[in-house]
Amino acid sequence: MGIGEPETSGLDLSRVQAWLQEHMVGVRLVYLESTTSTNDMAWTILESGNDEGVVVLAEEQVSGRGRMGKKWQSLRGAGVWCSFGWVEREEEEPTALFGLIGGIAGADAIRGVTGIPVLLKWPNDLMIEGRKVGGILVESRRLAWGPLAYVLGIGINCFQRGDEFGEDFRKRTISLKLCGAQSLDRTTLVTAMLNQLFCWIRRPRNWGCGDVRREWIARAFVYDELVSLHHGGRIYRGWITDVDPLGDLVVRLEAGTLRTFPAHATSVVLENQSVRL
């Protein structure tokens with residue numbers, strides 16, 4: 001098995017469809033062998049106005065992306081490349097808040113399926129052994145036909161070997177296989193992820209911003225540690241002290257002042273690591 005031909009576990013679409021029919025009636029399932037980005041496809045479907053929700057699964061993304069336009073490597077069959085999009089007609093929430101929820105759901109899904117503890121690096125990276133195993137990208141916008149919609153994309157590295165990550169990714173990226181996950185079934189991981197999201201997104205919603213903050217902090221990878229923050233073309237140094245109700249990061253800077261950094265425009269680098277996580 002050469003580079004570009006990773007170990008895979010086929011997706012059982014009938015199981016995913018059965019789960020959706022039981023828990024998310026009216027949500028459409030779309031499966032693609034290859035796509036530019038599952039988030040892009042979810043937006044195309046929502047803009048058509050024919051569906052209130054959609055789950056897009058792909059074997060491969062050729063232009064997968066993360067936060068702030070960063071590239072996301074999505075080898076064919078090697079991971080879970082999935083987006084969940086929905087039309088929000090009742091309770092509009094800050095986009096960054098759903099990013100935190102996506103991280104909580106992803107961490108709990110992975111741990112529930114594999115038994116491997118997963119921590120969260122703000123705002124929505126999934127970390128194992130100090131390296132990134134997955135990430136969340138949440139987008140929102142008002143559709144041309146009126147309502148607000150959200151798309152939550154998740155990528156989880158499942159079967160890659162170390163030499164299957166690009167040179168720029170090897171030191172800071174890992175897969176569930178490299179973490180010792182045995183007999184991993186991607187379908188089980190997908191339904192576990194959807195189930196975790198459903199617990200948060202279903203209506204009526206019985207949680208508030210404080211609940212999200214508390215659950216996210218309980219899984220935080222770095223907390224009260226010295227970090228560098230890249231924001232607005234400048235570098236700041238300080239200690240993470242909190243996450244505010246909108247999902248932004250609260251940092252005590254070296255000068256002693258508190259400053260809030262927005263999730264959509266800030267990257268965090270650990271001071272004791274030579275690479276950005």
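As a reminder, the structure under discussion sits directly above these lines.
Scoring rules and cut-offs
- Residues numbered from 1 in each chain as written.
- Predicted model: local features only at pLDDT ≥ 70, side-chain atom pairs only at ≥ 80, totals over all residues.
- Heavy atoms only, no water.
- Phe/Tyr/Trp six-rings, centres within 6.5 Å; stacked < 30°, edge-to-face > 60°.
- Buried < 20%, exposed > 50% of the residue type's maximum accessible area, 1.4 Å probe, protein only.
- Helix = DSSP H or I, 4+ residues; strand = E, 2+ residues; numbered from the N terminus.
- Contact = heavy atoms within 4.5 Å.
- Axes fitted to C-alpha atoms, helices over the stretch in contact; angles between N-to-C directions.
- Parallel < 35°, antiparallel > 145°, perpendicular 65-115°, else oblique.
- Left-handed = near helix turned anticlockwise from the far one by under 90°.
- Nonpolar A, V, L, I, M, F, W, Y, C, P; charged D, E, K, R; others polar.

J.: When you look at the packing of aromatic side chains in this model, what are you seeing that I'm missing?
T.: For any pair of aromatic rings, geometry is given as the distance between the ring centres together with the angle between the planes. Counted by the stated rule, this structure contains seven aromatic pairs. Ring geometry for F84 and W86: centres 5.1 Å apart, planes at 25°, overall stacked. For the residue pair F84 and W86, the accessibility class agrees, reading buried in each case. Pairing F98 with Y150 gives two aromatic rings, centres 4.7 Å apart and planes at 65°, and the pair type is edge-to-face. A residue pair is termed long-range when its members are at least 10 positions apart, and F98 in helix α3 (residues 95-114) and Y150 in strand β7 (residues 148-157) qualify at 52 residues.

J.: Looking at this structure, I do not really get the environment of M193. What am I missing?
T.: Residue placement: M193 occurs in helix α4 (residues 186-201). Overall, the relative accessible area of 5% leaves M193 in the buried class. For the pair M193 and A107, spaced 86 residues apart in the sequence, the C-alpha separation amounts to 8.8 Å. With near-sequence residues (within four places) excluded, M193 lies in contact with G102, A105, G106, A109, I136, L152 and I154.

J.: Quick question: what am I supposed to make of the packing of α3 against α4 here?
T.: In helix packing, the relevant descriptors are the interaxial angle and the interaxial distance, both defined with respect to the helix axes. Relative orientation of the contacting elements α3 and α4 amounts to 140°, with a least axis distance of 8 Å. Between α3 and α4, the angle falls in the class oblique. For the element pair α3 and α4, the recorded crossing hand is right-handed. Residues F98, I101, G102, I104, A105, G106, D108, A109, I110 and V113 of α3 pack against T188, L189, A192, M193, Q196, L197, W200 and I201 of α4. Within the contact of α3 with α4, the residues separate by chemical class into 13 nonpolar, four polar and one charged.

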